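So the chains spell out like this:
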Amino acid sequence: MTSSSVLLIGDHNRTYTVKLACTEISPDLEDKSVKWLKKQLPRHTKVNLKPKGSVDGVLLAKVIPFDSNTDITEEYIKEGLAKNKC
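In this text, all values refer to a predicted model and were calculated from it rather than measured experimentally.

J.: In this structure, what is going on with the overall build of the protein chain? I would like to understand it.
T.: Within the protein chain, the secondary structure is distributed over two helices and six strands. In the protein chain, the succession of helices and strands from N to C terminus is β-β-β-α-β-β-α-β. By its C-alpha atoms, the protein chain is 35 × 30 × 20 Å across when sized along the principal axes. In the protein chain, which comprises 86 residues, the share counted as buried stands at 31%. Total accessible area on the protein chain is roughly 5900 Å²; 48% of this is exposed by carbon and sulfur atoms. Separation between the mean location of the 14 positive side-chain charges and that of the 11 negative ones in the protein chain comes to 3 Å.

J.: What am I meant to see in the packing of aromatic side chains here?
T.: Given two aromatic rings, their pairing is described by the distance between the two centres and the angle made by the two planes. Per the stated rule, a full pass over the model turns up one aromatic pair. Look at Trp-36 and Tyr-76: their rings are 4.7 Å apart centre to centre, the planes differ by 35°, and that puts the pair in the tilted class. In this pair, Trp-36 sits in helix H1 (residues 30-40) while Tyr-76 sits in helix H2 (residues 72-78), placing the two residues 40 residues apart along the sequence. Each of the two residues, Trp-36 as well as Tyr-76, counts as buried.

J.: I keep staring at the state of the cysteines and nothing clicks. Help me out?
T.: By definition, a disulfide links two cysteine residues through a covalent bond between their sulfur atoms. All chains considered together, the criterion is met by one disulfide. Covalent S-S linkage joins Cys-22 and Cys-86, the inter-sulfur distance amounting to 1.6 Å. On the sign convention where negative is left-handed, the bridge of Cys-22 and Cys-86, at about -85° about the S-S bond, is left-handed. With a gap of 64 residues between them, Cys-22 in the loop between strand S2 (15-20) and strand S3 (23-24) and Cys-86 in the segment after strand S6 (83-84) connect regions that are remote in the sequence.

J.: Which parts of the structure should I look at to understand the pairing of strand S4 (residues 47-55)?
T.: Consecutive side chains of a regular strand alternate in pointing toward one face of the sheet and then the other. With eight bridges joining them, S4 and strand S5 (residues 58-65) adopt antiparallel strand pairing. Residue pairing in the sheet places Ser-54 in a bridge with Leu-59 of S5. Connecting S4 to the next strand, S5, in antiparallel fashion are two residues, including Asp-56 with a positive phi near 50°.

What counts as what
- Residues numbered from 1 in each chain as written.
- Predicted model: local features only at pLDDT ≥ 70, side-chain atom pairs only at ≥ 80, totals over all residues.
- Heavy atoms only, no water.
- Helix = DSSP H or I, 4+ residues; strand = E, 2+ residues; numbered from the N terminus.
- Buried < 20%, exposed > 50% of the residue type's maximum accessible area, 1.4 Å probe, protein only.
- Areas by Shrake-Rupley, 256 points an atom, 1.4 Å probe, with all protein chains shown as cover.
- Lys, Arg positive; Asp, Glu negative; His and termini not counted.
- Charge placed at Lys NZ, Arg CZ, Asp CG, Glu CD.
- Phe/Tyr/Trp six-rings, centres within 6.5 Å; stacked < 30°, edge-to-face > 60°.
- Disulfide = S-S within 2.5 Å.
- Pairing = 2+ DSSP bridges.

All quantities given are derived from atomic positions and should not be read as evidence of function.
Printed below as a string of structure tokens:
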């Protein structure tokens, strides 16, 4: 994880930089958001990616953990840590 909205996601062969789609996080909530995200997506968590585009070579995608079927962006917004940019 490189920030509260940019993740490093890998399989056995490659690593991808993925930015959470539709997520805007206030700079003053960055530390709290990173802690929350690490709790929601600990290392080795399996996720589905639903691509929404790319910016400067970084994939924009909805990130959905296999065990919850809930988009992480939606959870971020419910927690009051992010705003919906879409």
